[in-house]
Amino acid sequence: MEFGPFLLLALMEGLVGAAVLALTASGLSLVFGVMRVVNVAHGEFFMLGAVAAWFVSQWVPGPPAVAFAVALVVCPLIVAALAALADLAILKRLKHEPEATIVATIGLLYILQQAALTVYGPEARPVPAPFEMRLQLPWFGWSGYKLFVIGAAAAVLLGLWLMLTRTRAGLVMRATQIDRETATAFGIDVTRVHAGTFALGAALAAVAAVLIVPIQQAHYLMGGDPLLLSFIVVIIGGLGSLRGTLLAALLIGLSDGVISTFFQPTLAKIVATLLVALVLVFRPQGLFGARA
Amino acid sequence: MLTLDAVDAGFGRALVLRGLSFRARPSEVTCVMGRNGAGKTTMLRAIMGQVPVSAGRITLDGQRIETLAPHLIPQLGVGYVPQGRRLFGSLTVAENLDIGLMTRGRGRATRDRVLDLFPRLRERLGQTAATLSGGEQQMLAIARALCLEPKVILLDEPTEGLQPSMIAAIRDTVRTLRGMGVAVVLVEQRAEAVLDLADRVAFVETGRVAEMVPAADLGPEAPQFARYVGV
Ligand SMILES: Nc1ncnc2c1ncn2[C@@H]1O[C@H](COP(=O)(O)OP(=O)(O)OP(=O)(O)O)[C@@H](O)[C@H]1O
Ligand SMILES: [Mg+2]
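About the criteria used
- Residues numbered from 1 in each chain as written.
- Chains lettered and ligands numbered in written order.
- Predicted model: local features only at pLDDT ≥ 70, side-chain atom pairs only at ≥ 80, totals over all residues.
- Heavy atoms only, no water.
- Domains from an automatic or database assignment.
- Contact = heavy atoms within 4.5 Å.
- Buried area = accessible area lost by both parts, 1.4 Å probe.
- Salt bridge = Lys/Arg side-chain N within 4 Å of Asp/Glu carboxyl O.
- Donors = N, O, S within 2.8 Å, 3.2 Å for Na, K, Ca; no water.
- Helix = DSSP H or I, 4+ residues; strand = E, 2+ residues; numbered from the N terminus.
- Buried < 20%, exposed > 50% of the residue type's maximum accessible area, 1.4 Å probe, protein only.
- Pairing = 2+ DSSP bridges.
- Right-handed = clockwise from strand over helix to strand, strands pointing away.
- Phe/Tyr/Trp six-rings, centres within 6.5 Å; stacked < 30°, edge-to-face > 60°.
- Lys NZ or Arg CZ within 6 Å of the ring centre and 35° of its normal.
- Patch = residues over 30% accessible without salt bridge, like charges linked within 9 Å, V, L, I, M, F, W, Y side chains within 5 Å.
- Areas by Shrake-Rupley, 256 points an atom, 1.4 Å probe, with all protein chains shown as cover.
- Core = buried A, V, L, I, M, F, W, Y, C linked by side-chain atoms within 4.5 Å.

## A closer look at the domain arrangement of chain B
All names here are of chain B.
Right, on to step 1. When its domains are assigned, chain B resolves into domain 1 (1-77 + 153-163 + 173-231) and domain 2 (81-149).
Right, on to step 2. Using only C-alpha atoms to locate each centre, domain 1 and domain 2 end up separated by 23 Å.
Right, on to step 3. Taken together, the contact pairs 16 residues of domain 1 with 15 residues of domain 2.
Right, on to step 4. On the domain 1 side of the contact with domain 2, Asp156, Leu162 and Thr173 bury the most area, a combined 29% of that side's loss.
Right, on to step 5. In this structure, the connection of domain 1 to domain 2 is made through zero salt bridges.

## Quick word on the coordination of the magnesium ion (ligand 2)
Residue and element names in this part refer to chain B.
Right, on to step 1. On the protein side, the magnesium ion (ligand 2) has Thr41 (OG1) and Gln83 (OE1) as donor atoms, found 1.9 to 2.3 Å from it. With Thr41 in helix α1 (residues 40-47) and Gln83 in the loop between β6 (78-81) and α3 (93-103), this pair connects stretches of sequence that are 42 residues apart.
Right, on to step 2. In this structure Thr41 comes out as partly exposed when scored by relative accessible area, which is 24%.
Right, on to step 3. The class for Gln83 is partly exposed, based on a relative accessible area of 30%.

## A few points about the pairing of strand β8 (residues 183-187) of chain B
All names here are of chain B.
Right, on to step 1. For β8, the tally of buried residues reaches five of five residues, placing the bulk of the element in the interior.
Right, on to step 2. Of the two faces of β8, the one holding Ala183, Val185 and Val187 and the one holding Val184 and Leu186 are both buried throughout.
Right, on to step 3. Here four bridges tie strand β3 (residues 29-33) to β8, and the two strands are oriented parallel to one another. Bridge pairing in β8 links Val32 to Val187.
Right, on to step 4. Relative to β8, strand β7 (residues 152-156) runs parallel, the two being bridged by five bridges. Looking at the pairing, Ile153 lines up with Val184 of β8.
Right, on to step 5. Assessed by its sense of winding, the connection that carries the chain from β7 through helix α7 (residues 164-179) to β8 is right-handed.

## Digging into the packing of aromatic side chains
All names here are of chain A.
Right, on to step 1. Enumeration over the complete set of coordinates arrives at 15 aromatic pairs over all chains.
Right, on to step 2. An angle of 45 degrees between the planes, with centres 5.5 Å apart, marks the rings of Phe3 and Phe262 as tilted. Taken as a pair, Phe3 in helix α1 (residues 3-35) and Phe262 in helix α10 (residues 242-262) lie far apart in primary sequence, 259 residues in all.
Right, on to step 3. A relative accessible area of 56% means that Phe3 is categorised as exposed.
Right, on to step 4. Given the relative accessible area of 26%, Phe262 is considered partly exposed.
Right, on to step 5. Above the ring of Trp54, the side-chain terminus of Arg125 is found at 4.3 Å from the ring centroid.
Right, on to step 6. For the cation-ring pair, Arg125 lies above Tyr120, with the distance from its terminal atom to the ring centre recorded as 4.5 Å.

## Considering a nonpolar patch on the surface
Right, on to step 1. Taken together, Phe263(A), Leu267(A), Ile270(A), Val271(A) and Leu274(A) make up a surface patch of nonpolar side chains, about 450 Å² in accessible area.
Right, on to step 2. Mapping Leu267(A) onto the fold places it in helix α11 (residues 265-282).

## Here we look at the nonpolar core
Right, on to step 1. Formed by 125 residues in total, the largest nonpolar core has its most connected members in Phe45(A), Leu2(B), Phe22(B), Met43(B) and Leu154(B).
Right, on to step 2. Of the residues that make up this core, three or more belong to each of domain 1 (1-77 + 153-163 + 173-231) and domain 2 (81-149) of chain B.
Right, on to step 3. Sequence-distant contacts of Met43(B), defined by excluding residues within four places in its chain, comprise Leu4(B), Leu17(B), Leu20(B), Phe22(B), Val32(B) and Val185(B).
Right, on to step 4. In this structure, Leu87(B), Leu125(B), Ile142(B) and Leu146(B) belong to the second largest nonpolar core, which totals 48 residues.

As structure tokens, then:
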């Protein structure tokens, strides 16, 4: 293949990764922003979304598209409910103290991983794509489903942005993020906001997983990479800044796609890590974050 | 009516309020005076449920509130204008007001009435709160609290650091609130402002109300000012 089309392919693959990463990382960023909780178990919510999607694909009869549609709605809801429960049962009792919640979410990571191993098993299992369609470009063919992933992720992110900027729930979340105590002095039940935010953050990871699992397979250890990449994105983009998160996800996703295609995936990870180091040294508040 | 009866409150082991008793009646301005660190802000924060109360009781119209979850207290009609304003700085003026409106489910009509009191805010609805001038920020902090149509409003040094024209505007607002039947609790350090506005004055010293006197009994040379405030 010539260089031009090859680069196009690399960028398109990178865009798929970027879309899924943007969803996952915005969940992590939202939880940190509103709750000041560094959720080390975020990748496990991603994994649970994928595993739940596999179960749904087994249980829902009919064409794969039906099972997929069900999974896309049901799996994030299940994961969100579990996250809300974890917040109320664990994080709330720790008063959402930053240090204590890091340790607690490490414990949660381990529990969720072992629970998945017990219930789902150690195998990697594929989930059928909702539809098979090939896009034939002049130089190469491409999976139509991947295009759908990009579109769906963009739609969910747009919905998230509208929710945060245009609705009462979003306003309440932003006010809580700025000043918990004053939010409480205006009748905002911060406990509920926290549980809801933790649930929403987990649901975003689960949506990302349901979208990616027809391409990637579900496995009980699959949460590690999305967690690491989400942290990279959130550090580069600036903690708690949604816009920064989206731009950084695009940057990391695209560079990952291009470098993996032209060289090798390991080099892509090295470059991302270098980028994080540079940001930490020269702009610790992130490329798009406000100075602390 | 808001009452505090023999309230102990503080942070951890250290009590800041010790046996503090206080009341504020509707259609009255009750001023709170006292030296730095006397416990004025802590008293207001205890009312809002932000500082744990370990003894005594706080009631609003006969209902105990110190046992409630803190977010329920404003929903009963207690508006709070904290020291230092504590606006949501990156939110717009309109959004800050929306937060206040949501507290007790008030809508456009309330917002219009509040903005009639502060026409300058109406011109700046889309601006973020942090970009307002100091006086405008204080107006917004008061306006936000008025959006819940409070029965009681707690104002913690609202004129601190403002220019004279702004101070006058805020005093007018306090009179308007009294006229509307609100119980106004005003922490204020300037004797002349207190004499001008207050119906009653509570002098706070080391975490308790040492004296509560009708403002009519105080003159510019009243000994309490020197004893409790040190002017
Ligand atoms: N968060 C806190 N933790 C521990 N002690 C506190 C805290 N806030 C206030 N205090 C202490 O409580 C006492 C009363 O403080 P408070 O802020 O109520 O005083 P104040 O009368 O409002 O003073 P000022 O005129 O300076 O506003 C002070 O000794 C202060 O150091
Ligand atoms: Mg004070």
